[in-house]
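Report on the structure
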Amino acid sequence: QVQLVESGGGLVQAGGSLRLSCAASGRIFSGNVMGWYRQAPEKQRELVARITRGGSTDYADSVKGRFTISRDNAKNTVYLQMNSLKPEDTAVYYCNLHFVNDYWGQGTQVTVSS
């Protein structure tokens, strides 16, 4: 069983930065993919970024050049550094871990004011 806990969300002005963290605990196997998804009101949940244990990354086109995903395998933690935030980045951000099954955190709110 895997548990994920996100932190670091908050309210920022457009152009500001936030760093999200997600700590995983439980039975965690090597080779897993971790990522960040977000869901805005009245919108579908969408992939923001993901990273393999080896460090390969994928980003949504909308965040390329602004967001950086990273992970610390020793700490079983994944991060999302968000710079140059825009109001359209406002959403609940969810941490995801994939290894055979998908595991989700409870979400952390990111609000970007104009």
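Note that the structure is a prediction, hence the values are computed from the model and not measured.

1. Some details on the overall build of the chain
- A count of helices and strands for the chain gives zero helices and 11 strands.
- Listing each helix as α and each strand as β along the chain from the N terminus yields β-β-β-β-β-β-β-β-β-β-β.
- A globule of 114 residues ought to have a C-alpha radius of gyration of about 13 Å, and the chain, at 13 Å, matches this closely.
- Projecting the C-alpha coordinates of the chain onto the three principal axes gives extents of approximately 40 × 25 × 20 Å.
- Contacts in the chain between residues far apart in sequence, at least 24 positions, make up 51% of those at least 6 positions apart.
- A total accessible area of about 6,200 Å² is found for the chain, and carbon and sulfur atoms account for 45% of it.

2. Observations regarding the sheet that holds strand S8 (residues 77-82)
- The sheet built from four strands is open, its strands ordered S1-S3-S8-S7 with antiparallel pairing. In this open sheet, the two strands that pair with only one neighbour each are strand S1 (2-7) and strand S7 (67-72). The average angle at which neighbouring strand axes cross in this sheet is 15°, direction not considered.
- Two strands pair when backbone bridges link them, and S7 and S8 are joined in this way by six bridges, in the antiparallel orientation. When the sheet's bridge partners are listed, Ile-69 is paired in S8 with Leu-80.

3. Observations concerning the nonpolar core
- Judged by nonpolar contacts, the single largest core of 26 residues is most densely connected at Trp-36, Leu-80, Met-82 and Tyr-93.
- Sorting the residues of this core by element identifies S1, strand S3 (18-26), strand S4 (33-39), strand S5 (46-52), S7, S8, strand S9 (91-99) and strand S11 (108-113) as the ones contributing at least two each.

4. Comments concerning the pattern of salt bridges
- Overall, the coordinates contain five salt bridges when judged by the stated rule.
- Its salt-bridge partner being Asp-58, residue Arg-50 comes within 3.3 Å of it at the nearest N-O pair.
- Owing to a relative accessible area of 37%, Arg-50 belongs among the partly exposed residues under this scheme.
- Among the charged side chains, a salt-bridge network with shared partners connects Arg-38, Glu-46, Arg-66 and Asp-89.

5. Focus on the packing of aromatic side chains
- Counting across every chain of the model gives one aromatic pair.
- The ring of Tyr-94 carries Arg-45 above its face, with NZ or CZ at 3.8 Å from the centroid.
- Its end group placed over the ring of Trp-104, Arg-45 keeps NZ or CZ at 4.7 Å from the ring centre.

6. Some words on unusual backbone geometry
- Positioned with a positive phi, Glu-42 is a non-glycine residue whose angle comes to about 65°.
- Position of Glu-42 relative to the elements: it lies in the loop between S4 and S5.
- By relative accessible area, Glu-42 is classed as exposed at 84%.
- Its identity as a non-glycine residue notwithstanding, Ser-84 has a phi of 50°, on the positive side.
- By the element assignment, Ser-84 lies in the loop between S8 and S9.

Rules behind the numbers
- Residues numbered from 1 in each chain as written.
- Predicted model: local features only at pLDDT ≥ 70, side-chain atom pairs only at ≥ 80, totals over all residues.
- Heavy atoms only, no water.
- Helix = DSSP H or I, 4+ residues; strand = E, 2+ residues; numbered from the N terminus.
- Rg over C-alpha atoms; globule rule 2.2 N^0.38 Å.
- Contact = heavy atoms within 4.5 Å.
- Areas by Shrake-Rupley, 256 points an atom, 1.4 Å probe, with all protein chains shown as cover.
- Pairing = 2+ DSSP bridges.
- Axes fitted to C-alpha atoms, helices over the stretch in contact; angles between N-to-C directions.
- Core = buried A, V, L, I, M, F, W, Y, C linked by side-chain atoms within 4.5 Å.
- Buried < 20%, exposed > 50% of the residue type's maximum accessible area, 1.4 Å probe, protein only.
- Salt bridge = Lys/Arg side-chain N within 4 Å of Asp/Glu carboxyl O.
- Phe/Tyr/Trp six-rings, centres within 6.5 Å; stacked < 30°, edge-to-face > 60°.
- Lys NZ or Arg CZ within 6 Å of the ring centre and 35° of its normal.

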